[in-house]
Amino acid sequence: MRAIYKGLSERAPLCLRASAGRTFMADASSVEEVCGADAAPVDQFITPWTVSVASGYTLMRDPRYNKGLAFSESERDAHYLRGLLPPAVSTQELQEKKLMHNLREYKVPLQRYMSMMDLQERNEKLFYKLLMDNVEELLPIVYTPTVGEACQKYGSIFRRPQGLFISLKEKGRILEVLKNWPERNIQVIVVTDGERILGLGDLGAQGMGIPVGKLSLYTALGGLRPQACLPVTIDVGTNNETLLNDEFYIGLRQRRATGQEYADLLEEFMTAVKKQYGEKVLIQFEDFANHNAFELLSKYSNSHLVFNDDIQGTASVVLSGVISALKLVGGALPDHTFLFLGAGEAGTGIAELIALEISKKTNAPIEETRKKIWLVDSKGLIVSSRKESVQHFKKPWAHEHEPVKTLLEAVKALKPTVLIGSSGVGQTFTKEIIETMASLNEKPLILALSNPTSQSECTAEQAYTWSQGRAVFASGSPFDPVEYEGKVFVPGQANNAYIFPGFGLGLVMSGAIRVHDDMLLAASEALAAQVKDEHYQKGLIYPPFANIRTISANIAAKVAAKAYELGLASRLPHPEDLVKFAESCMYNPVYRNYR
């Protein structure tokens, strides 16, 4: 052993000093609990070891502390790096410039994704700095739509495991498996069983790309420490025949477990997580099939801090877009009629949150406000005559109306002002449907939310062209600006990444123990408030992603404030300025100076 250093406790005083001079009245231990050593000022020296290290060779292979050519001359002497690096000394900014140049040389998005994942595995701070500084360009690479292709090919491109794979083989030993993870202070877990990955279906264990991608955004966009984030895949098999016959498939080669066997495994997982990480760990369910997603959220919402991004996150970001779009389309929220194509977890989740917001604004019972919202599924309009045959989560939307078979017929019959697609089926908003919406409304609001891009209900160009440039449009996946009759339209992106990073930060920094629907409404209103006049002039109903950290801090503050108001926050005292407290808690990926 060449040198032995003290553990992280040596850095505790730095964390305590980090809050000095702040204008909020929060004790420094609160900042430390949320931020760990990252709360230390950047210009203060830290010791880059958690326990001990044998040589600089080890240091360069630890992604949390590796800086590559950015190690200074003094650091190379102090940490036995002489000769292990070329003599040039770089800066983080120059490293960023080189990497962006290299990424732009790749013509295939999956190659860029793999390059980013390689960077994350060797230099964590540089990965997050690159992502934060180029978020609009790189977000489609590390998440939708490219992550969908990455999941489909995950077995072929698999190099180094990220996160925990918990399969049926670990039944009865899940707590033991959690203890294998090296980090003890986990604040957010994103978990999937891979059954409904984006609009791509059952990808089994290869769905791990989704939790990994989501948690990268929790850090880059919401400022949660990467060490406090844990991606998990629950592998109960797959019904995807292609994967079962793929020699490179990385998961269990069996049909999906269902019923009691499935429920028992999830129960063991949820119990083990709470025992290992405590009451305040946020568990985000991701890309579960409808029948499991609703049941899990309902079952655990009263006993755990749980959040389903497909149901609740999507609902919050879409509600925000609708609220901000009112400045373009006119009227108040209760004045509008909503028609959905798609009645799964996304569609019904959005519908319920819109109904709840209308109820809050008008003091009308939610049973009444739901009547402004109609849903079309694969069998047509959901109406009262179908109530006994539809799944339980669709029943609240079975209103009185004669049966209607197609979306076009529903548009003509109901005359909606807002058309929302969450079907997962591409090109379902046809030319005739968009033209009909445009004939009924001066400015129809068209939201084509399905991911990835190939599954979008229509393209931005189609929406603007078929509506003669009158549509207010946003989509789930990104589309380029569209020129129509000399005017440039910039389509918005109703991306969950606007909501969940700030939402999670708000829960963590307040020490929330449960998620309440009012927190989702607060997040929606906070995001809508970030849309400025210059954005509306371009037809945007969402703010630019370039400002996402400021957006996330404001969302976190509103969510935390609601947690305190509802008596669901456990971190005391209440910070005086929640926005500044949120900013102070955010992970900063700039290089640190090592002793």
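Looking at an unreviewed UniProt entry, the protein carries the name Malic enzyme, with the source organism given as Kalanchoe fedtschenkoi. Turning to the protein, the UniProt record has this under Sequence similarities (unreviewed entry): "Belongs to the malic enzymes family."

It is worth spelling out the UniProt feature "domain: Malic enzyme N-terminal" (unreviewed entry) in the protein at this point. Summarizing the sequence annotation, UniProt attributes the feature "domain: Malic enzyme N-terminal" (unreviewed entry) to residues 120–301 in the numbering used throughout. Regarding residues 120–301, the helix share stands at 48% and the strand share at 11%, and the terminal C-alpha atoms are separated by 33 Å.

As summarised here, the arrangement of the seven strands in space is β8-β7-β6-β9-β10-β11-β14, forming an open sheet in which the pairing is mixed. Taken across any chain shown, the strands that pair with only one partner, and hence form the sheet edges, are β8 (380–381) and β14 (492–493). Here four bridges tie strand β9 (residues 418–421) to strand β10 (residues 445–448), and the two strands are oriented parallel to one another. Bridging from a neighbouring strand, G421 pairs with A448 of β10. Against the sheet, helix α17 (residues 345–362) engages β6 (338–341), β7 (373–377) and β9, with an angle of about 165° to β6.

Time to look at the UniProt feature "active site" (unreviewed entry) in the protein. As recorded in UniProt, the sites labelled "active site" (unreviewed entry) are Y143 and K214. These annotated residues cover 72 residues of sequence, and their C-alpha atoms lie no more than 7.4 Å from one another, placing them together at a single site. With respect to the helices and strands, Y143 occurs in the loop between α8 (135–142) and α9 (146–152). The class of Y143 is buried, set by a relative accessible area of 5%. Beyond its immediate stretch of four places on either side in the chain, Y143 contacts I210, G213, K214, L217 and E286. Note on placement: K214 falls in helix α12 (residues 209–222).

Y113, Y218, F338 and F503 are the most contacted members of the largest nonpolar core, which has 123 residues in total. For this core, the element with the most residues is helix α25 (residues 548–565), which contributes 10 residues. Ignoring anything within four residues of it in the chain, the contact list for Y113 reads I141, V142, T146, V147, A150, Y154, I157 and G209. W181, M270, I283 and L297 belong to the second largest nonpolar core, which has 36 residues in total.

Moving on, we get to the pairing of strand β11 (residues 472–475). When a strand is regular, its side chains alternate between the sheet's two faces. Of the two faces of β11, both are covered, the one formed by V472 and A474 as well as the one formed by F473 and S475. Pairing of β10 with β11, which is carried by four bridges, proceeds in the parallel orientation. Its bridge partner lying in β11, L447 is registered against A474. Crossover β10 to β11 through helix α21 (residues 460–466) is right-handed. Both β11 and β14 contribute to a ladder of two bridges, which runs parallel. Within β14, the position partnered with A474 by the bridge is G492.

On the secondary structure map, Q462 appears in helix α21. A relative accessible area of 18% means that Q462 is categorised as buried. Contacts of Q462, omitting those with residues within four sequence positions, involve Q427 and S467.

Pairs can form between side chains of opposite charge once their charged atoms are near each other. This structure, assessed with the given rule, holds 30 salt bridges. Here D118 makes a salt bridge to R159, at a shortest N to O gap of 2.6 Å. Here D118, found in helix α6 (residues 109–122), pairs with R159, found in the loop between α10 (154–157) and β1 (164–167); they are 41 residues apart in sequence, far enough to count as distant. Accessibility expressed as a relative area gives 52% for R159, which makes it exposed. When salt bridges that share partners are traced, they join R196, D287, D310 and E345 into one network.

The residue A471 is located in the loop between α21 and β11 in this model. Taking C-alpha positions, A471 is 10.0 Å from E435, a pair spaced 36 residues apart along the chain. Discounting chain neighbours no more than four positions away, the residues touching A471 are P444, I446, A463 and Y464.

Per the counting criterion, the structure on display carries two cavities of 30 Å³ or more. In this model, the largest cavity occupies a volume close to 150 Å³. Where the lining of the largest cavity is concerned, the elements lending two or more residues are α6 and α10. Top contributing element to the lining of the largest cavity by residue count: α6, with five residues. Grouping the amino acids of the lining of the largest cavity by side-chain chemistry returns six nonpolar, one polar and four charged. Among the domains, domain 1 (56–140) and domain 2 (143–308) are the pair contributing at least three residues each to the lining of the largest cavity. Considering only enclosed or pocket space, the second largest cavity measures out at about 30 Å³ in volume. Surrounding the second largest cavity, M100, L103, R104, R112, E137, L138 and I141 form its lining.

Scoring rules and cut-offs
Residues numbered from 1 in each chain as written. Predicted model: local features only at pLDDT ≥ 70, side-chain atom pairs only at ≥ 80, totals over all residues. Heavy atoms only, no water. UniProt positions renumbered as here; feature names shortened; annotations may be inferred. Helix = DSSP H or I, 4+ residues; strand = E, 2+ residues; numbered from the N terminus. Pairing = 2+ DSSP bridges. Contact = heavy atoms within 4.5 Å. Axes fitted to C-alpha atoms, helices over the stretch in contact; angles between N-to-C directions. Buried < 20%, exposed > 50% of the residue type's maximum accessible area, 1.4 Å probe, protein only. Core = buried A, V, L, I, M, F, W, Y, C linked by side-chain atoms within 4.5 Å. Right-handed = clockwise from strand over helix to strand, strands pointing away. Salt bridge = Lys/Arg side-chain N within 4 Å of Asp/Glu carboxyl O. 1 Å grid on protein atoms, 1.4 Å probe; cavity = no way out; pocket = protein on both sides within 12 Å on 5 of 7 lines; lining within 4 Å. Points joined across faces, edges and corners; volume = space filled by probe spheres on them. Nonpolar A, V, L, I, M, F, W, Y, C, P; charged D, E, K, R; others polar. Domains from an automatic or database assignment.

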